[in-house]
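Tertiary structure, described
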Amino acid sequence: MGESIVLSAVREPQTQAPPVESTPARVKTADVRLVGVTKRFDDVVAVDDLSLEIERGSFFALLGPSGCGKTTTLRMIGGFEQPTEGEIFLGDREVSGLPSYKRDVNTVFQSYALFPHLSVLENVAFGLRRRGVKGKDVQTRVRDMLRIVGLEGLEGRRPRQLSGGQQQRVALARALVNRPRVLLLDEPLGALDLKLRKQMQLELKGIQHEVGITFIHVTHDQEEAMTMADRIAVMNAGRIEQLGTPTELYETPQTAYVAGFLGVSNLIAGTVAGPDRVRLHGGPEVRVPPAALAGRSGEVAVGIRPEKIDLSGEHENRIDGRVVESAYIGVATQYVVETPCGRLIVYSQNTQPGSGPSARDHATTLSWNPESTFVVNSMEEEPK
Amino acid sequence: MSAIAVSAARRSQDLAAAWAFVRRHVLTVYAMLGFAYLMLPIGFVIAFSFNHPQGRFNYVWNGFTFDNWKHWDGVPGLRSALVLSIEIGLLASLLATALGTLIALALVRYRFRARGATNILIFLPLSTPEIVLGASLLTLFGNRQISNVIQLGFWTILIAHVMFCISFAVVTIKARLIGFDRHLEEAAMDLGANEWATFTKVTLPLIAPAILASMLLCFAVSVDDFVVTYFNAGPRVTFPVFVWNSARVGAPPQVNVIGSVIFIVAVTGMVANVLVQIRRQRSAATV
Ligand SMILES: Nc1ncnc2c1ncn2[C@@H]1O[C@H](COP(=O)(O)OP(=O)(O)O)[C@@H](O)[C@H]1O
Ligand SMILES: [Mg+2]
């Protein structure tokens, strides 16, 4: 389990001539495939040689900070922008160059982009009518879809007479009613308040299960991506930094950037000292899974998530320290521990009342399981 | 002594009350005076449309009559002048708005080489004195080569009117397009509408108010124009030209009748518009 290395996002453009272990079944069911896609706006490279495969029926998230090229990637799949270089496949069909109305893809825009001059019913029916669905069929399908998104009885309203959450649902219904091959969502929950956003995250996931359509979801919110997506591509400066399941990304991030973007992590600089050993700078030698080391040598950085560190010395990897800060946050207590390798953050779950040292300056030994350790190239979040 | 004090206090109270009254109503009085200043000439126009003038000049009140309204086209040439003005107005507003919509779309949506220059050029007819515009157009139409093809008359008036109306149309429609959410058109195409369907189903309905406003504005500007028209009308007589011609020899009260009708139509239109707006706001608020 520990040795499953996260698939590199960047595949070779040619999927032909498959070696034995390459899984042709996966390639066949890829709903969306980007091959070496680059998008330049004048001198800005918004998307940089990006390759990507998205499985049919999956919930896929593009995650990254503002300006990293998520929207541009989505817009190229939707047909609103054409790639400067590279190819985009929907199923087996190469679609780059096709306008959006010739692609079997629908979009939920961040601003919703509901037609203000049309009723909810006509908004949702818009796509069906364009495709020549007639009379009764339109009514039935629109009403079915409004029921799925929980908007029965609002058919006659205009968009401006709806709340933000309701507008969001209309936008979703308007896209889904066409039963596209792929649904694109650009920060669809960005305009909603926190409580509604949490609720919609679960609802969206439920709807995706119900309709079985491939969802590609753009967000800068790591929690949102992890809550909803089966697979996540973490983007940085127009490239995919790492692609994998939420667990893979969290447990075995491949770069300091990914480790820092998804949750909190402690990174300690060190030097490789053996096939499964790293000597921490200024500190002891620790054991790491050989798979995590993945043949690296020289300078690396070792990462441990705060909740994986114990305040008692019962695990194999140990380091002495002194508590300098502690904060009780309900389910856990957060400690800042000064060690020879720098300050580490530790989350200790409050399973028993009053457990854990509360005094500052308390001397302690931190320990963690080697299996919970990951390794990245360096401490720097190189924007490459 | 106390009585004096009381009466003094009362007097100062009265003064304060009077001052408060003035302060409260000075704005109202001022507004009414301003309104009267604006309305007085119009009031005269309407009043004198019911006059029964003694001579050729309709300047002295002589007696009330409905005759002018009953025989509104009793003056030779008035009816044809009015018809010509309306024809030109309708055609010019239609053409100018159609062209103006396309120009506005190009200016707002696309970046092209002469975009900046076009933007300035569009404003030129608005900022050029009409007398210059009219004279230079006459120079153009008077040119031998051109006057061989097109003589001063209906078509030259129309061309001139379309020219200065385009500016108004572009300005009106551009304002609406700048506030237009481009994602709406992308959403339409996303849902399977091609360029034409997107234009007719989404863009056009959403800019329709601006198009209507542009037509009304162009019509008003065209019907009202005298200077440019006078230069380029040749033998044709529009309503403003007719009024000018007859004013020199004595304007008939029928001119006032037409003026009153134009005023009433305009005011009715405005009131209707305001009522529609109020109703819309109410219907939006009741949800
Ligand atoms: N139409 C455009 N013209 C010029 N630059 C653009 C355009 N669209 C996006 N960009 C640039 O491309 C980069 C990526 O933008 P975007 O895809 O919107 O990022 P994200 O959605 O991840 O925030 C940004 O630097 C942005 O300024
Ligand atoms: Mg974005």
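Source: prediction; values computed, not measured.

This part takes up the confidence of the model for chain B. Confidence along chain B averages 88 in pLDDT terms, with 97% of residues attaining 70 or more. Taken together, the chains of this predicted complex give a pTM of 0.77 and an interface ipTM of 0.79.

Bringing the packing of helix α3 (residues 120–130) of chain A against helix α5 (residues 164–176) of chain A into the picture now. Residue and element names in this part refer to chain A. Interaxial distance between α3 and α5 falls to 7 Å at its minimum, and their mutual angle equals 30°. What the angle tells us is that α3 and α5 run roughly parallel. Of the two elements, α3 crosses α5, and the hand of that crossing is right-handed. Counted together, Val-120, Asn-123 and Val-124 of α3 and Val-170, Ala-173 and Arg-174 of α5 form the full contact between these two elements. Class assignment for the residues of the contact of α3 with α5 results in four nonpolar, one polar and one charged.

Moving on, we come to the pattern of salt bridges. Applying the stated criterion across every chain yields a total of 23 salt bridges over all chains. Measuring nitrogen to oxygen at the nearest pair gives 3.5 Å for the salt bridge that ties Glu-307 of chain A to Lys-308 of chain A. On the basis of relative accessible area, Glu-307 of chain A is assigned to the partly exposed category, the value being 36%. Lys-308 of chain A sits in the partly exposed class, given a relative accessible area of 22%. Note that Arg-79 of chain B and Asp-73 of chain B form a salt bridge whose closest N and O atoms lie 2.9 Å from each other. When salt bridges that share partners are traced, they join Lys-39, Arg-75 and Glu-81 of chain A together with Glu-186 of chain B into one network.

Under the domain assignment, chain B is made up of domain 1 (3–48) and domain 2 (76–261). Relative to domain 2 of chain B, the C-alpha centre of domain 1 of chain B lies at a distance of 45 Å.

Let us now look at the site of ligand 1. Residue and element names in this part refer to chain A. Lining the immediate environment of ligand 1, one finds Phe-41, Val-44, Ala-46, Pro-65, Ser-66, Gly-67, Cys-68, Gly-69, Lys-70, Thr-71 and Thr-72. Contact between ligand 1 and Gly-67: an oxygen atom at 2.6 Å from a main-chain N or O atom of the residue. Cys-68 is positioned with one of its backbone polar atoms (N or O) 3.2 Å from an oxygen atom of ligand 1. When ligand 1 sits alone it has 560 Å² of accessible area, and the protein chains cover 59% of it. Those elements that provide at least two residues to the shell around ligand 1 are β2 (44–55) and α2 (70–78). Here the element with the most residues in the shell around ligand 1 is α2; it accounts for three residues. Per-class residue counts for the shell around ligand 1 are five nonpolar, five polar and one charged.

On to the side chain of Ser-85 of chain B. Residue and element names in this part refer to chain B. You can see Ser-85 is positioned in helix α3 (residues 78–109). By relative accessible area, which is 4% here, Ser-85 ends up buried. Excluding residues that lie within four positions of it along the chain, Ser-85 makes contacts with Val-223, Thr-238, Phe-239 and Pro-240.

All names here are of chain A. Spatially, β13-β12-β11-β14-β19 is the arrangement adopted by the five strands of the open sheet, whose pairing is antiparallel. The open sheet is flanked by β13 (285–287) and β19 (374–376), the only strands paired with a single partner. Adjacent strand axes in the sheet meet at a mean angle of 45° when their direction is disregarded.

Summed over all chains, the structure comprises 14 aromatic pairs over all chains. Each ring, one from Phe-50 of chain B and one from Phe-66 of chain B, has its centre 5.8 Å from the other, and the planes form 85°; the classification is edge-to-face. Remark: Phe-66 of chain B occurs in the loop between α1 (2–48) and α2 (67–70) and Phe-50 of chain B occurs in the loop between α1 and α2; sequence separation between them is 16 residues. The partly exposed category is assigned to Phe-66 of chain B, whose relative accessible area is 48%. Taken together, the aromatic side chains of Phe-50, Phe-64, Phe-66 and Trp-69 of chain B make up a single cluster linked through ring pairs. Sitting over the ring of Phe-115 of chain A, Arg-174 of chain A keeps its end group 4.8 Å from the ring centre.

A grouping of Trp-19, Phe-21, Val-22, Val-26, Leu-27 and Tyr-30 of chain B is seen on the molecular surface, where their side chains present a nonpolar patch of about 710 Å² in accessible area. Here Leu-27 of chain B lies in helix α1.

Residue and element names in this part refer to chain A. Here Leu-176 shows up in helix α5. Here Leu-176 falls in the buried class, since its relative accessible area comes to 1%. When the C-alpha atoms of Leu-176 and Glu-325 are compared, they prove to be 50 Å apart, with 149 residues separating the residues in sequence. Once residues lying within four places of it in the same chain are set aside, the contact partners of Leu-176 are Met-145, Leu-183, Ile-207, Val-211, Ile-213 and Phe-215.

Here the focus is the layout of surface pockets. All names here are of chain B. Approximately 1400 Å³ is the volume attributed to the largest pocket. What lines the largest pocket is a set of 37 residues, among which Leu-212, Ala-213, Leu-216, Leu-217 and Gly-269 lie closest to the centre. Looking at the lining of the largest pocket, the elements that each hand over two or more residues are α3, α9 (195–224), α11 (239–249) and α12 (253–285). It is α9 that contributes the most residues to the lining of the largest pocket, 13 residues altogether. Residues of the lining of the largest pocket, tallied by class, amount to 26 nonpolar, six polar and five charged. A volume near 530 Å³ is recorded for the second largest pocket. Forming the boundary of the second largest pocket are 18 residues, of which Arg-109, Tyr-110, Arg-182, Glu-185 and Met-189 lie nearest the centre. Of the residues contributing to the lining of the second largest pocket, the split by class is six nonpolar, six polar and six charged.

Counting from both sides, the interface comprises 21 residues of chain B and, opposite them, 22 residues of chain A. Carbon and sulfur atoms supply 64% of the area that chain B and chain A bury against each other, a total of about 1900 Å² over both sides. One can count one salt bridge joining chain B with chain A. Run the count over chain B and chain A and you get six residue pairs in polar contact (both at pLDDT 80 or more). Sorting the residues of the side of chain B that touches chain A by element identifies α8 (182–190), α9 and α12 of chain B as the ones contributing at least two each. In terms of residue count, the dominant contributor to the side of chain B that touches chain A is α8 of chain B (seven residues).

About the thresholds
Residues numbered from 1 in each chain as written. Chains lettered and ligands numbered in written order. Predicted model: local features only at pLDDT ≥ 70, side-chain atom pairs only at ≥ 80, totals over all residues. Heavy atoms only, no water. pLDDT = per-residue confidence, 0-100. Axes fitted to C-alpha atoms, helices over the stretch in contact; angles between N-to-C directions. Helix = DSSP H or I, 4+ residues; strand = E, 2+ residues; numbered from the N terminus. Parallel < 35°, antiparallel > 145°, perpendicular 65-115°, else oblique. Left-handed = near helix turned anticlockwise from the far one by under 90°. Contact = heavy atoms within 4.5 Å. Nonpolar A, V, L, I, M, F, W, Y, C, P; charged D, E, K, R; others polar. Salt bridge = Lys/Arg side-chain N within 4 Å of Asp/Glu carboxyl O. Buried < 20%, exposed > 50% of the residue type's maximum accessible area, 1.4 Å probe, protein only. Domains from an automatic or database assignment. Near = heavy atom within 4 Å. Polar contact = N/O pair within 3.5 Å; in protein donor to acceptor, adjacent residues only side chain to side chain. Areas by Shrake-Rupley, 256 points an atom, 1.4 Å probe, with all protein chains shown as cover. Pairing = 2+ DSSP bridges. Phe/Tyr/Trp six-rings, centres within 6.5 Å; stacked < 30°, edge-to-face > 60°. Lys NZ or Arg CZ within 6 Å of the ring centre and 35° of its normal. Patch = residues over 30% accessible without salt bridge, like charges linked within 9 Å, V, L, I, M, F, W, Y side chains within 5 Å. 1 Å grid on protein atoms, 1.4 Å probe; cavity = no way out; pocket = protein on both sides within 12 Å on 5 of 7 lines; lining within 4 Å. Points joined across faces, edges and corners; volume = space filled by probe spheres on them. Buried area = accessible area lost by both parts, 1.4 Å probe.

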